[in-house]
Amino acid sequence: MKIGLMGGTFNPIHYGHLLVAEEAREAFQLEEIWFIPSGCPPHKRHDELASAEARLYMCQLAIEGIPYFRVLSIEIESGETSYTYNTLRLLHQQYPGNEWFFITGLDAILELPSWHHAEELLDMAHFVAVSRPGHKIEELSRVFTEEQRKKILTLTIPYLDISSSEIRRRVRHQRSIRFLTPEPVRQFILSEGLYRGDRG
Ligand code: ATP
Ligand code: MG
């Protein structure tokens, strides 16, 4: 099976993530997309991070009713720092027959050279670099060698200038987040009082 993987903090998940997944599914004829929220992300500030359980649950709320989207809790259950390298290794072991497409926004893939075992990563899955406001596809040639660049698939999608940071900022300022994330996610954020910045 051709499976798309979307890693991220999903703090919280939003329509940008969902559109990226859907567009990649269609473009590369992927049978399923698996969302993998990270447990303890190495690159993120931790003070605004909702609990792993809350981020996982919001992913489940967001994909409910979409048969080809799944949420995997492997990075959260591992309890260790989440490295894509470890996740891909584990998936290769668990599902040896699958062909993997690791889907990232441009901002994320431009950071890939600093990831754990960066050298091997590009051979462990097809990496798909998806357009995102603020970055240009041409920037790939700045951070990757020509040989690496050839391994990266690119995909241009309608720009949705939505980020989890912006959603958190809006919640902190009591602004609306309606239509930026699926309604059940919005309601969960508000009912749990996530991202209000008045705790701890
Ligand atoms: P934060 O603002 O907290 O960094 P984020 O919106 O960037 O959150 P992440 O969980 O960091 O979300 O991203 C997970 C993946 O989704 C990354 O590969 C990122 O590039 C991609 N992504 C997120 N939002 C978009 C978007 N609006 N368009 C394209 N790609 C996106
Ligand atoms: Mg991000």
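In case you missed it, the structure is sitting above this.
The sections below set out a description of the structure shown in this document.

Scoring rules and cut-offs
Residues numbered from 1 in each chain as written. Chains lettered and ligands numbered in written order. Predicted model: local features only at pLDDT ≥ 70, side-chain atom pairs only at ≥ 80, totals over all residues. Heavy atoms only, no water. Helix = DSSP H or I, 4+ residues; strand = E, 2+ residues; numbered from the N terminus. Buried < 20%, exposed > 50% of the residue type's maximum accessible area, 1.4 Å probe, protein only. Contact = heavy atoms within 4.5 Å. Polar contact = N/O pair within 3.5 Å; in protein donor to acceptor, adjacent residues only side chain to side chain. Pairing = 2+ DSSP bridges. Axes fitted to C-alpha atoms, helices over the stretch in contact; angles between N-to-C directions. Salt bridge = Lys/Arg side-chain N within 4 Å of Asp/Glu carboxyl O. Core = buried A, V, L, I, M, F, W, Y, C linked by side-chain atoms within 4.5 Å. Phe/Tyr/Trp six-rings, centres within 6.5 Å; stacked < 30°, edge-to-face > 60°. Lys NZ or Arg CZ within 6 Å of the ring centre and 35° of its normal.

Take the environment of Ser163 next. For Ser163, the position within the fold is in the loop between β6 (152-155) and α9 (164-172). By relative accessible area, which is 19% here, Ser163 ends up buried. Sequence-wise, Ser163 and Ser131 are 32 residues apart; in three dimensions their C-alpha atoms are separated by 13 Å. Contact partners of Ser163, with chain neighbours within four places excluded, come to His14 and Arg132. In this structure the side chain of Ser163 is engaged in a polar contact, spanning 3.1 Å, whose partner is the backbone nitrogen of Glu166.

If you trace the six strands from one edge of the open sheet to the other, you get β3-β2-β1-β4-β5-β6, paired in parallel fashion. Two strands in the sheet have a free side with no partner beyond their single neighbour: β3 (69-71) and β6. On average, each strand axis in the sheet is tilted by 30° relative to the strand beside it, whichever way the strands run. When strand β1 (residues 2-8) meets strand β4 (residues 99-105), the two strands line up parallel, connected through four bridges. The residue of β4 that forms the bridge with Gly4 is Phe101.

Two side chains bearing opposite charge may form a pair once their charged atoms approach each other closely. Throughout the structure, instances matching the rule amount to 11 salt bridges. Ionic pairing is found between Arg172 and Glu48, a salt bridge with its closest N-O pair at 2.6 Å. Taken as a pair, Arg172 in helix α9 and Glu48 in the loop between β2 (32-37) and α2 (52-63) lie far apart in primary sequence, 124 residues in all. Arg172 sits in the partly exposed class, given a relative accessible area of 33%.

It is worth spelling out the nonpolar core at this point. Core analysis: the biggest nonpolar cluster contains 39 residues, and Ile13, Phe35 and Ile103 have the highest contact counts within it. Looking at this core, the elements with two or more residues in it are α1 (15-27), β2, α2, β3, β4, β5 (126-130), α9 and α10 (183-192). What Ile103 contacts, discounting residues up to four positions off in sequence, is Gly4, Leu5, Met6, Val20, Ala24, Leu30, Ile33, Val128 and Val130. Counting 27 residues, the second-largest nonpolar core is a separate cluster that includes Leu110, Leu112, Met124 and Ile137.

Tallying each qualifying case throughout the model produces 10 aromatic pairs. Measuring from ring centre to ring centre gives 5.1 Å for Trp34 and Tyr95, while their planes differ by 65°; the resulting arrangement is edge-to-face. Linking Trp34 in strand β2 with Tyr95 in the loop between α4 (84-94) and β4, this pair joins segments that are 61 residues apart in sequence. Residue Trp34 is classed as buried on the basis of its relative accessible area of 1%. With 5.1 Å between their ring centres and 75° between their planes, Phe35 and Phe69 make a pair best called edge-to-face. With Phe35 in strand β2 and Phe69 in strand β3, this residue pair connects regions lying 34 residues apart in the sequence. For Phe35, a relative accessible area of 0% translates into the label buried. Counting every residue linked through ring pairs, the aromatic cluster contains Phe10, Phe35, Tyr68 and Phe69. Positioned above the aromatic ring of Tyr68 is the side chain of Arg25, whose terminal nitrogen or guanidinium carbon lies 3.7 Å from the ring centre. The positively charged end of Arg70 is found above the aromatic ring belonging to Trp34, 4.5 Å away from the centroid.

This part takes up the environment of Trp100. Position of Trp100 relative to the elements: it lies in strand β4. The exposure class assigned to Trp100 is buried, which follows from its relative accessible area of 3%. For the pair formed by Trp100 and Ala24, sequence separation is 76 residues and the distance between their alpha carbons is 12 Å.

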